Amino acid sequence: MPEIKPRIGVFVCHCGKNIAGTVDVAKLAEAASRFPGVVYATHYEYMCSDPGQALLKRAIKEHRLSGVVVAACSPTMHEETFRKAAEEAGLNPYLVEIANIREQVSWVHSGPKATEKAVRVTRAVVEKVWGDRPLEPTEIGVVRRALVVGGGIAGIQAALDIANAGFEVLLVERSPSIGGHMAQLSETFPTLDCSQCILTPKMVEVSRHPKIRILAYSELEEVSGFVGNYRVRIRKKPTYVDPAKCNLCGECAKVCPVRVPNEFDRGLSLRSAIYIPFPQAIPSTYTLDAENCLGIVPLRCGKCAEVCEAKAIDFDMQEEILEEEVGAIVLATGYELYPKEAMAEYGYGTVPDVIDGLEFERLLSASGPTRGEIRRPSDGKIPKEVVFVQCSGSRDPEHHKPYCSKICCMYTAKHALLYRHAVPAGQAYVFYIDIRAGGKDYEEFVNRAMEEERILYIRGKVAKVFREGEKVVVWGVDTLTGKRVEVRADLVVLAQAVVPSPGTEELARKLRVACGGEGFLKEAHPKLRPLEALTAGIFLAGAAQGPKDIPESVAQASGAAAKVVALLSRPKLEHPPEVAEVDEELCSGCGICAPQCPYGAITVDEVAHVNEILCEGCGTCVAACPSGAMSFRNVGDEQVLRMVRAALEVEGAGV
Amino acid sequence: MERILYFPGCALKDQARGYEEASLAALAKLGYEVKELPRWNCCGTVYSLAQDELMRHVGPVRNLIRAQEEGADEILTLCSMCYNTLRRSARFVEDPESLRRINAFMDDEPDYRGGVEVVHLVQFLEEIGVEKLARAVVRPLHGLRLAAYYGCTLLRPKEVAVDHPDRPEILERLVSTLGAEPVLFPERVECCGAYLTVPRPDIVRERVGEILRSAGLAGAQALLTACPLCKFNLEERRPLGAPRIPVFYVGEALAWALGVREIPAEIGKLLSTGVTG
Amino acid sequence: MPEFEPRIVAFLCRWCAAAGADLAGTSRLQYPPNAIPIRVNCSGRVEPQWVVEALKAGADGVLIGGCHPGDCHYVVGNYKTRRRIYLLRRMLAEMGIEPERVRLEWISATEGARFAQVVSDFVAELKRLGPLHGNGGRG
Amino acid sequence: MAGELSLSRARLEAPFVRKVEELSGQNPYACYQCGKCAAGCLFAEHMDLLPNQVIRLLQLGDEAVLQAKAPWVCASCLACTVRCPKGVDIARIMEALRQMALRQGLSPVQFHLDREYPQIALVGAYRKVTP
Amino acid sequence: MKLAVYWTGSCGGCDVSFLELGMGLLEVLSRVEIVFWPALVDAKRRDLERLPARSVDVTLVNGVIRTAENKEMVEILREKSKFLGAYGACAHLGGIPALANQVNGVTEIVFGPGFRPGAPLGEAAEDAPPELLPEALSLDEVVPVDFVVPGCPPPAGLIARFFEAAFAEAISPGRIFAGEKALCEECPRTREDRRLTRIVRPHEVQPDPEKCLLDQGIICLGPVTRAGCGAACPKGGMPCTGCLGPTPKAGDPALAMLSALASLVRAGEEGESAFPEENKILDSLVDPIGTLYKYSFAKYGRPLLKLARKRQEVRA
């Protein structure tokens, strides 16, 4: 309780007839004038009007008010208005509170009971103001650079949008090239654009952009700080090739004696230890993969360096740790496919002619291991009967993933259609449970696959896939006719569930960003804040947040970028001061508060500390604190209890 | 000699007598003294799937009580059907309320306290370990293409499966250890038709045809099973035209390799020469 | 003797329940005036002691309004409240106080009608239970 | 199965559906009709209704399901149960349907005692004629 | 310094606790004049009544107020004393005996229906046991209390602190001779995983000697209880049960702890699907009143209980 006697003013608004038509405003003002701590009470037709605000300002000065209660409409309407007005009159805005006697009284009740309730509501808010302290928002500076983690299409789009707004961007990519999964795709639904043809110009734009610095073959190691002021440590692995010197002649790869599965082709082809993931890779350079090289320290082979005329190969290259400051972070770490090795019923990945969707993309791709001819992995034959299995690993809470992976209906239709284009004499079968084609021109695309390409859609989940001789047998069902079906196929393509890319959860932990049960990054609010993490200053883009197709990823990336730009454009960040605080004299450091905070705003050593900037002001920790050492600014326990008692006081109604 | 308690079940004393004899001889060779569960009764044969059929657990649980009286915490089974029923009942009474109700049914029996595990011969052999088993092999079955037919009861439901229900490998490991070449075939985990053989032999005949066709296609020279009913169906319900693949019990092949049972002539002639003995 | 009018203190979270109450107003839905709302940022701020103090101070019932599971503006505050109120109700019951006097309801910002219904139902229930403070004729 | 069914809440809450739920301990509404049970059922071609259709009729409250032959063809091999993506133990639902018939003294099963059977075949098969 | 010590409804442990001072007791005894201490010195009620008002410098009362005689005696002591303090958890908060307040008519339940305390057969009426009060009360509900030496019984350090202050004539009104911070302050156990995934009673587990008991599912009231005992119980492997009373801003310690416990409960990821499992964990808290209000029921639980009683009467 403040020692100085409070001087509270109460201003009752008529809101025309909205309030005054039901609540006896004169009576309310009269009752309020008798509330303890109130030195001035009045009523006026429209408090939010200019004369109304002038009345408020005048009263604050004349009566030297230490607090103000405006009994009017919902605080969501005019709390800001009255707080600003009070500030102009020299009163700290946090000493102004609204008693909602319109939405929660006059519009929902009638008769004398309405006035009685209005009196109780106002009385309670007067008690709150009595306990309020003047507060100042905290100001913090902003580092005007952004970090984008992940160089897939989402990361590329976010980086470009932020950089085009004039801010520096660090783009960190784990693999040797940006481009992500989109670079692996053949053509994209529903337009059947060549994926690389639309992606590579954007990659080039990124590489040429003066505001973007690409850190490929690099990973985020550590993050500290808070919104506007993050410090990040990035580990850049050595590529042993100087990108400035490398002229992409490719002689090194030719002489390299190592052959390992090529990740870009999903293992359907081999690469050497020194390689370029794909010709259009950015950064445009070869990379020596130390893990598969015969030996760098000590040097065991060195043939690549011998043939490199540009002298680009540098075996002494070391790992670098970069420390950077950024104001905002975009996470665009993308997805991976659920491993087909997990699919016991579909052969555990041991049947060579059972492949996943991305492998099929590589078979379809003109730059792929078969130069775009559909040839099956086991014997290179052109498959005449191809079965596509949707929901492979999706929508299966019992064994695999419970959720719908969202993109498979569309890419399967595209696969089947492209297969028919490539092998006109072939037959494609698609096993599905539901077709989810909710996107612009998506339904039409699926219809085209069914109607024009005569792809047979069979509504039923596949139970078992096994090899028999040269064939891959598929046991399915057509639930529409109630018949079991068996297809003796040449190739089976599993539309594997979409899962977060490996390491997402570890990254999330470093950033104090939440992951949902299935490991996707969790947005701050599923409806209202889908582009940002709960931690202020961290934004989400692309499939790392949940299965998404390209247009959705790009849209989210642009949205996240807009948020980043808005944040970085602000001269100062202001944080509302209505947050939790610790009384260090009382805190024993028991640590019960810390895990209650979804923002990681609380750290505990000898005592607990609240990072005011991170605290969003829910007060959950305060209610959890057993000793009462944690409190909430202007919503103190004693304050609330006084409100409760005042609201219930038998004589309190006074009418 | 380590002593183990063993539950035979009806088939092992009748049609599958050879399975019991061969298995017990092999276990003795491996250093295990096998004691038959005293006063054993029917395993229950088919595990009841209805929630309210507590009575059907009384038989299996009574066998567990017999084991409890012997101070054993494990019963060995050979017949996979017995294994399935007994082990599922043992799982069922892990729930204290179910146990209480079952015990209440049997006022003339001492209360079952839980904790007796039911294991199948293949699990038991797996625990013994490949090395020890391999050391005991005196007549490796080199050259024999041996296909394990799991059927249902060793694999389903998940709670009692001896290995992954869709891609088990436990029997193939055993086959390799015995020196034979394991043959995988898609139908090895599928049902033979089981007791439908009584009311619907037509269906079972169809199933058996598929199983044998699938095994034959994979090149199996002989089939291994742990189930007397599977063996019956595979032999008695073979449709015309289906490959004739002899069916043996797991314990029999084991006994051949350990040298405690004669290798039948039809198998002997398939073994690579010069490696027996 | 006038009919017993239960007195209710309603702790409403700002983002969902209080917004729902505002919507009830905007929609002009009439409901009994027995509940005095006290707005908090999050239902997670509501302490069991507040609830008990309200009962001690004369309330016949206490309503806590929070966001639906999964919709909490602060992500998980409502889950804490749910557990606190669950345990508190158990303790109240052991003391001999009807746990029905303490109600936790999920009310979204779009559920104006639901807010009005919840208050009406609660008032009816408390009338059935009778006054907590023995003298129903008071006030 | 052609025909028309007039749906109502009363039908959907039919006591026989509750009974099946109780006897099987399964929730038929967990089924989203993917058909994986049927796809892997080796007896399906002899059934008048596929396993998923049996469940569908339960969802619809159609008592015709009680007359279905499918449960009697089911061999309780549990292949459907272990594969169901929603964890529905379909074999238990089949058992519940058999039990309901058996407890009314009905069983369409006839024995072909054409040779000497192993005891386990007979004891197993008896389950389909006695409750 | 004239000292009086009196024992109301109590186990006697508080009287014995002075011995905890060890050799320090000799100094204390050398500096006090015991004017009334039935456990040590033969003095009767009438001796006390004869003393002039405010003639005793300091009086320590231990025990709950349970009988009419308890009440009369402490009223006399109050009148005769300059400073009167609650000594031990029973006088401070009601203590364990006050848990009896949970049941109405405790003597009838214990001794059978129709039981009324009275003189033993054939004995004079004045030898009858005193009337039981309807409720067990903490000392401050009967007479104003100047200070508190808390604990069950008070630990030696706090007793010493009290005598130091008393001899220095520095007892400020309202003072509680214990720490302002919670017990966790002095507890050496490490706190890492602040989640309650289960609730167990101390006898059900062998607790890890290093880790916080609460983290192991044992309900420890340390976080809501004043420091001052050196976390004696947690050090010994037993949870704090709250005998030193709540920290200054905790309010009702049981409700404060209830809120903390419920906040800590986790059954996997939080969300609607976890509700049933979370409830199970909360349900497994055996006897929440006895656990959370172990010593403080008279002082903090009673107002609610009164409401409940009134409610029952109205309904009856």
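Residues numbered from 1 in each chain as written. Chains lettered and ligands numbered in written order. Predicted model: local features only at pLDDT ≥ 70, side-chain atom pairs only at ≥ 80, totals over all residues. Heavy atoms only, no water.

Another aspect to go through is the state of the cysteines. The full count for this structure, using the stated rule, is two disulfides over all chains. Bridging C194 of chain A to C197 of chain A, the disulfide has an S-S length of 2.3 Å. Here the S-S torsion is close to 80°, and the disulfide linking C194 of chain A with C197 of chain A is therefore right-handed. C16 of chain C shares a disulfide with C67 of chain C; S-S distance 2.4 Å. Linking C16 of chain C and C67 of chain C, the disulfide has an S-S dihedral of approximately 100° and is accordingly described as right-handed. Of this pair, C16 of chain C sits in the loop between β1 (8-13) and α1 (17-26) while C67 of chain C sits in the loop between β3 (61-66) and α3 (77-95), and the two are 51 residues apart along the sequence. Relative accessible area serves as the criterion here: at 9%, C16 of chain C is assigned to the buried category. The exposure class of C67 of chain C is buried, given its relative accessible area of 3%. (Disulfide = S-S within 2.5 Å. Helix = DSSP H or I, 4+ residues; strand = E, 2+ residues; numbered from the N terminus. Buried < 20%, exposed > 50% of the residue type's maximum accessible area, 1.4 Å probe, protein only.)

Let us now look at the interface of chain D and chain B. By a frequent convention, interface size equals the accessible area lost on bringing the separate parts together. If you look at the interface, chain D gives 45 residues, while chain B gives 40 residues. Buried surface at the junction of chain D and chain B, summed over both partners, amounts to about 3,800 Å²; 60% is from carbon and sulfur atoms. It is L42, I120 and R127 of chain D in chain D that bury the most area against chain B; as a group they hold 18% of the surface buried on that side. In this structure, the connection of chain D to chain B is made through four salt bridges. Along the contact surface separating chain D from chain B lie 15 residue pairs in polar contact (both at pLDDT 80 or more). Broken down by element, the side of chain D that touches chain B gets its largest block of residues, seven residues, from helix α8 (residues 119-126) of chain D. (Contact = heavy atoms within 4.5 Å. Buried area = accessible area lost by both parts, 1.4 Å probe. Salt bridge = Lys/Arg side-chain N within 4 Å of Asp/Glu carboxyl O. Polar contact = N/O pair within 3.5 Å; in protein donor to acceptor, adjacent residues only side chain to side chain.)

This part is about α8 of chain D. Considered for burial, the residues of α8 of chain D that qualify are I120, A121, G124 and A125 of chain D. One side of α8 of chain D carries all its buried residues, which in axial view fall inside an arc of 125°. Taken together, the buried residues of α8 of chain D touch α3 (80-92) and α9 (228-236) of chain B. (Arc of directions from axis to C-beta.)

What follows deals with the sheet that holds strand β11 (residues 218-226) of chain A. Sheet strands associate in pairs through backbone hydrogen bonding, adopting either a parallel or an antiparallel arrangement. Residue and element names in this part refer to chain A. With antiparallel pairing, the three strands of this open sheet are ordered in space as β11-β12-β17. The sheet is open, and its two borders are formed by β11 and β17 (320-326), each paired with just one other strand. In this sheet, adjacent strand axes meet at a mean angle of 20° when their direction is disregarded. Examined bridge by bridge, β11 and strand β12 (residues 229-236) share eight bridges and lie antiparallel to one another. When the bridges of β12 are listed, S218 appears paired with K236. (Pairing = 2+ DSSP bridges. Axes fitted to C-alpha atoms, helices over the stretch in contact; angles between N-to-C directions.)

We now examine the sheet that holds strand β5 (residues 145-148) of chain B. Residues and elements named next belong to chain B. Here four strands make up an open sheet; going across it, the order is β6-β5-β7-β8 and the pairing parallel. What marks the edges here is a single partner per strand, and that holds for β6 (181-183) and β8 (247-249). Across the sheet, the mean angle separating the axes of adjacent strands is 40° when strand polarity is ignored. Two strands pair when backbone bridges link them, and β5 and β6 are joined in this way by three bridges, in the parallel orientation. The partner of L146 across the bridge, within β6, is P182. Relative to the sheet, helix α10 (residues 250-258) contacts β5, β7 (222-225) and β8, its axis offset from that of β8 by approximately 80°.

Let's shift gears to α3 of chain C. All names here are of chain C. Between its first and last C-alpha atoms α3 spans 27 Å; for 19 residues at 1.5 Å apiece the expected length is 27 Å, and the two agree. Burial of α3 is extensive: 15 of the 19 residues sit out of reach of the surface. One or two residues past the end of α3 sits G96, with phi positive at roughly 105°. (Expected span 1.5 Å × (residues − 1).)

What follows concerns the packing of aromatic side chains. Under the counting rule described, the total for this entry stands at 27 aromatic pairs over all chains. Aromatic pair Y19 of chain B and Y249 of chain B: ring centres 4.4 Å apart, planes at 5°, arrangement stacked. With Y19 of chain B in helix α1 (residues 17-29) and Y249 of chain B in strand β8, this pair connects stretches of sequence that are 230 residues apart. The same class applies to Y19 of chain B as to Y249 of chain B, namely buried. Arranged with centres 5.0 Å apart and planes meeting at 70°, the rings of Y32 of chain B and F124 of chain B form a pair that is edge-to-face. Taken together, the residues span a long stretch of sequence, with Y32 of chain B in strand β2 (residues 32-36) and F124 of chain B in helix α5 (residues 121-128) at a distance of 92 residues. By the burial criterion, Y32 of chain B is buried, and F124 of chain B matches it. Every member of this aromatic cluster is reached through a ring pair, and the members are F18, W37, Y87, F147, F162, F163, F167 and F177 of chain E. Across the ring face of W130 of chain A, the terminal group of R642 of chain A is positioned such that the distance to the ring centre comes to 4.4 Å. (Phe/Tyr/Trp six-rings, centres within 6.5 Å; stacked < 30°, edge-to-face > 60°. Lys NZ or Arg CZ within 6 Å of the ring centre and 35° of its normal.)

Turning to the arrangement of the chains, a few remarks are in order. With respect to C-alpha atoms, chain C approaches chain D no nearer than 22 Å, and the pair has no contact. These two, chain D and chain E, are apart from each other, with no contact and a minimum C-alpha gap of 15 Å.

A word on the domain arrangement of chain B. All names here are of chain B. On domain assignment, one finds that chain B holds domain 1 (2-121) and domain 2 (138-268). Put simply, the middle of domain 1 and the middle of domain 2, counted by C-alpha atoms, are 24 Å apart. Taken together, the 23 residues of domain 1 in the interface contact 22 residues of domain 2. Where domain 1 abuts domain 2, roughly 1,800 Å² becomes buried across the two surfaces, and 73% of that area is made up of carbon and sulfur atoms. (Domains from an automatic or database assignment.)

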